[in-house]
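Results of the structural survey
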Amino acid sequence: EVAHFLLSRMINMVQQDKSVKFCLDAMRHTSTMGGLRLYPPSTPEMDAISQQTDMTITIHLVDGSHVKQPINSFTTACNVTSGIVKTLNLPLLASSLPTF
């Protein structure tokens, strides 16, 4: 019953404040991915969290080209790989990658 009360309060807060929704979404993603971090967030990550935006990384490919990918606190290597495959339009690989 206490959990239901707290959940209803949180839902009301989410409807009123975008930053609460952002934090709850981040917590939900983190908990579904194991919920553990070995290291604290970096300064650029904390800046992105406080501004409620994603960070962008540049991935340099072996042919000399590069691809920019958005990442956030709960982005996995599989997410980045899937983004690269989609950006490069590699349909055979895209169908074999797991989705998270």
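Above this text is the structure in question.
So, here is what we can say about the structure in this document. Given the structure is predicted, the values throughout are model-derived calculations rather than measurements. (Residues numbered from 1 in each chain as written. Predicted model: local features only at pLDDT ≥ 70, side-chain atom pairs only at ≥ 80, totals over all residues. Heavy atoms only, no water.)

1. Considering the environment of serine 50
Inspection of the secondary structure assignment puts serine 50 in helix α3 (residues 43–51). Residue classification places serine 50 among the exposed residues on the basis of a relative accessible area of 57%. Between the C-alpha atoms of serine 50 and serine 19, which are 31 residues apart in sequence, the distance is 8.6 Å. (Helix = DSSP H or I, 4+ residues; strand = E, 2+ residues; numbered from the N terminus. Buried < 20%, exposed > 50% of the residue type's maximum accessible area, 1.4 Å probe, protein only.)

2. Comments concerning the nonpolar core
Counting residues in hydrophobic clusters, the biggest one holds six residues: Ala48, Met55, Ile59, Ile71, Val80 and Ile84. At the level of secondary structure, the elements contributing two or more residues to this core comprise β1 (55–60) and α4 (77–87). Setting aside residues up to four positions removed in sequence, methionine 55 forms contacts with Pro44, Glu45, Ala48, Gln69, Pro70, Ile71 and Asn72. (Core = buried A, V, L, I, M, F, W, Y, C linked by side-chain atoms within 4.5 Å. Contact = heavy atoms within 4.5 Å.)

3. Section: the environment of threonine 87
Residue position: threonine 87 is located in helix α4. Put simply, threonine 87 and glutamine 69 are 18 residues apart on the chain and 9.0 Å apart in space, counted from C-alpha to C-alpha. Residues contacting threonine 87, with those up to four places away along its chain left out, are Val67 and Gln69. Side chain to side chain, threonine 87 and glutamine 69 meet in a polar contact 3.1 Å long. Here the side chain of threonine 87 touches glycine 83 through a polar contact of 2.8 Å, landing on its backbone oxygen. (Polar contact = N/O pair within 3.5 Å; in protein donor to acceptor, adjacent residues only side chain to side chain.)

4. Considering α4
The set of residues buried in α4 consists of Cys78, Val80, Ser82, Gly83, Ile84 and Val85. Phi turns positive, to about 55 degrees, at asparagine 89, one or two residues after α4.

5. Some thoughts on unusual backbone geometry
Despite not being glycine, glutamine 52 shows a phi value in the positive range, around 55 degrees. Residue position: glutamine 52 is located in the loop between α3 and β1. The class of glutamine 52 is partly exposed, set by a relative accessible area of 32%. The phi dihedral of asparagine 89 falls on the positive side, at around 55 degrees, and the residue is not glycine. Counting through the fold element by element, asparagine 89 comes out in the loop between α4 and α5 (91–94). Take asparagine 89: its relative accessible area is 59%, and that puts it in the exposed class.

The analysis is restricted to geometry; functional conclusions fall outside its scope.
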